[in-house]
Amino acid sequence: MLQLRELTKYFADRAIFSAIDWHIRPADRIGLCGENGAGKSTLLKLLAGRVEADGGQLQSAKGTTFGYLPQDGLEHRGRSLFAEVHSALEELLAIQSELKLLEERLSGDHAQADLDRYAELQTLFESRGGYSMEAEVAKVLCGLGFTVADFERPCEHFSGGWQMRIALARLLLQRPNLLLLDEPTNHLDLPARDWLEDYLRHYPYAVVLVSHDRFFLDQVVDRIVEIWHGKLTEYPGNYSQYLLARDERVRALREAKRQQDEEVERIEAFISRFRYQANKASLVQSRIKQLEKIERISLPPERKRIAFTFPPPPKGGRIAIELKGAAQAYGELRVLEAVDLVVEQGERLALVGPNGAGKSTLMRLLAGVEAPVRGERIAGHNMKLAYFAQDQATELCAERTVLAEISADSPYAMVPKLRTILGSFLFSGDDVEKPVRVLSGGERNRLALAKLLLRPANLLLLDEPTNHLDLHSKQVLLEALKGFKGTIVFVSHDRYFVDHLAGRVIEVGAGRAQSYFGNYTDFLRAKQQEGDSSHSRQRVEQQVAVQTSAGVEKGERRQAHSERKQQQRHEQKRLRELSQVEEQIETLEKQLAELEQQMADPAMYQDQQRWRTASQAHQQLKGRLETAYQRWENLQESA
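Computed from a predicted structure; not experimentally measured.

J.: Account for the environment of E507, naming residues and giving values.
T.: On the secondary structure map, E507 appears in strand β17 (residues 504–509). Since its relative accessible area comes to 13%, E507 is described here as buried. The sequence separation of E507 and P354 amounts to 153 residues, and the corresponding C-alpha distance is 9.5 Å. Among the polar contacts listed, one links the side chain of E507 to the side chain of K527, at a separation of 2.8 Å.

In structure tokens, the structure reads:
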């Protein structure tokens, strides 16, 4: 399908890729892995044709279509959400337009060529899902978290994260042969991620993606390609299998290199010992040639085992924090109603629910950033909290360096560990001397999180702490949080992170906060037992039903479409006949008016024959006019 041969790419004097060979087959599911800056996004851009290679060849099979989703930078405006996403089906819409033109032509006189073309297009339209494309658009939009009420909203009313969802929806509907996705889960909540996992598992063509969501990679890909030092190494299986296989491969390489080093050392010792002995010259030359032929084994760099621990939390009471009958509203918008929540010391609570359900609002109530409009917030004995908001990065001092900023509020005991902690959040080497003002949004978020985690606290409130972290950093954070002795309430859209940290799940939605013991998998199982599909793919199908009156079989939809077209042809015929009848009435009325004007002349009565002829003509005209009026009424009633 697509092949890279000796492909090379440089940034300045640094080789991002050095003579790589790679083959992508139809229906492959490939996950790209590697450290930040290894070249994952660059490789996707090369495959999509967004950047040029500096050497080598990129060959694709004839008819291959490419679909590329970048991490950010896309914006849609000028149309409603549904119209914008629907417009991605350009080919089907073009066929539909041509069918409409042919239908208009066929309603009158038509040629056999038009009938043949119509039959050909109708078959093509049906085979490519044209009769169900509105339902498919609704299915994808609902799957990605949009509601039916959003369909007619202008695209420019959606924020950056939702703009990326619009771009993803367009891409999925276009169904390219090679789908290239750079962090497609960045702006998706857990239900939307679950839906996308299932969609990509059943996608009929090749998918190459970059993701920092371990659970997502495990569910979607069947091959991992690791990028390191300009080279690609393939591993069969998903991400968890890749981790095991990589460790096994590195162990085998390390043993092979040890044996090779011993062999090289033995040969070099022989050469050094007998180099200047004439009677050993041939043996020495033989060993030199043998040494030159050895292909040296190079080991992939061993990953740093970075870990840190939180300062010991202050001792607190049995109850960390409590909400009683708490409600929150913003004007007419009621977000939370009568929420009762008790958080006990040492618990790990995950707040889940679709975007906009009120998770961040509940987190702000717990943090005391907002006071409830009704009810109360009760802090536990000696409660010391640390709160990480989604906009926590705005509190950083722009003029300090990264190291100075994290040092500013650090406890003295943590100072020796600051560089290690920064390294676990992707700040290493000269990065720690960068001013905060030049950091990207993601870098600022990571620094804010690293800074927050240094404060001695017995209650951590973390609103999406995993955003902008790579897989390794998420694992470091997860291990640190698992070792934390205090209480944690958090929001995260990373399924693996939630499953491995949460001991209780709080479902936020419809103004309520419902408690479920266990992790996210246990929560889903409990919801299924309750018959609630709001967190499953059935939710998507239910929402699509609202938009498309789903439940109608494909054949019934096609029959309904055929009947609708037949009704349109009947209507066109009725309108033509109605126009003809109106012209006839106008002509008869004019003739009748002229005849009555003649009959009003007194001289008419002097000529009996002339009068009888005029009277007979008058009766005939009135009869024809009455018939025309009756036909006009019948045509109007049949509309």
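Resuming the write-up.
J.: Just give me the short version of the packing of helix α5 (residues 133–143) against helix α7 (residues 190–201), but keep the residues and values in it.
T.: Contact pair α5 / α7: the axes reach a minimum separation of 9 Å and the direction vectors enclose 130°. Taken together, the axes of α5 and α7 lie oblique to each other. In this structure, α5 contributes E136, K139, V140 and G143 to the contact, and α7 contributes A192, W195 and Y199. Along the lines of polarity and charge, the residues of the contact of α5 with α7 split into four nonpolar, one polar and two charged.

J.: Describe the nonpolar core, with residues and values.
T.: The biggest cluster of nonpolar side chains holds 55 residues, and the ones touching the most others in it are L141, L172, L181, L200 and L209. The element contributing the most residues to this core is helix α6 (residues 160–174), with nine residues. Dropping the residues within four chain positions of it, L172 is found in contact with V140, L179, W195, L196, Y199 and L200. Counting residues in hydrophobic clusters, the runner-up holds 50 residues, among them A386, I421, L460 and Y496.

J.: An account of the pattern of salt bridges is needed here, citing residue identities and associated values.
T.: What the rule picks out here adds up to 35 salt bridges. When the shortest N-O distance is used, the salt bridge between E234 and R223 registers 2.4 Å. Separated by 11 residues along the polypeptide, E234 in strand β9 (residues 231–236) and R223 in strand β8 (residues 223–228) bring together distant segments of the chain. Residue R223 is classed as buried on the basis of its relative accessible area of 6%. Residue E337 is joined to R374 by a salt bridge in which the shortest nitrogen-to-oxygen separation is 2.8 Å. With a gap of 37 residues between them, E337 in strand β11 (residues 333–344) and R374 in strand β13 (residues 374–379) connect regions that are remote in the sequence. Judged by relative accessible area, which is 40%, R374 ranks as partly exposed. Each member of the salt-bridge network shares a partner with another, and the members are R25, D28, R223 and E234.

J.: Can you lay out the side chain of Q163 for me, pointing to particular residues and giving the numbers?
T.: Looking at the element boundaries, Q163 is found in helix α6. Of the polar contacts made by the side chain of Q163, one reaches the backbone nitrogen of H76; its length is 2.7 Å. In this structure, Q163 is in contact with L74, E75, H76, C155, E156 and F158, ignoring residues within four places of it in sequence.

J.: I'd like a description of the sheet that holds strand β2 (residues 14–24), backed by residues and values.
T.: Taking strand neighbours across the sheet as the criterion, the three strands line up as β2-β1-β4 in an open arrangement whose pairing is antiparallel. Each of the sheet's edge strands pairs with one partner strand only, and the pair in question is β2 and β4 (55–60). Taking the axes of each pair of neighbouring strands and ignoring which way they run, one obtains an average angle of 20° across the sheet. Of the pairings in the sheet, the one linking strand β1 (residues 2–11) to β4 comprises five bridges and is antiparallel in character. Paired with T8 across the bridge in β4 is G55.

Cut-off values and rules
Each chain carries its own residue numbering, running from 1 in the written order of its sequence. Two thresholds apply to this predicted model, a pLDDT of at least 70 for residue-level local features and 80 or more for giving and counting side-chain atom pairs, whereas whole-chain, interface and lining totals are computed over all residues. Hydrogens are left out, water is left out, and the side-chain values use all remaining heavy atoms of the structure. Helix and strand labels come from DSSP, where a helix needs a run of H or I of at least four residues and a strand needs a run of E of at least two; each type is numbered from the N terminus. Summary of the burial criterion: residues with accessible area below 20% of their type's maximum are buried, those above 50% are exposed, and those between are partly exposed, where the area comes from a 1.4 Å probe applied to protein chains only. Here a polar contact means two N or O atoms within 3.5 Å. Within protein one must be a hydrogen donor candidate and the other an acceptor candidate, and residues neighboring in sequence count only if both atoms are side-chain atoms. As a rule, the C-alpha atoms of each element are fitted with a line to give its axis, helices using only the stretch in contact, and angles between N-to-C directions run from 0 to 180 degrees. Relative orientations are named as follows: roughly parallel for angles under 35 degrees, roughly antiparallel for angles over 145 degrees, roughly perpendicular for angles from 65 to 115 degrees, and oblique for any other angle. Residues count as neighbours in contact if any of their non-hydrogen atoms are within 4.5 Å of one another. Just so you know the grouping, Ala, Val, Leu, Ile, Met, Phe, Trp, Tyr, Cys and Pro go in nonpolar, Asp, Glu, Lys and Arg go in charged, and all remaining residues, Gly too, go in polar. Among buried residues, those of type Ala, Val, Leu, Ile, Met, Phe, Trp, Tyr and Cys that are joined through side-chain atoms within 4.5 Å constitute a nonpolar core. By definition, a salt bridge exists where a carboxyl oxygen of Asp or Glu is found within 4 Å of a side-chain nitrogen of Lys or Arg. When DSSP finds at least two bridges between two strands, those strands are taken to pair.

Function cannot be inferred from these measures alone, as they are strictly geometric.
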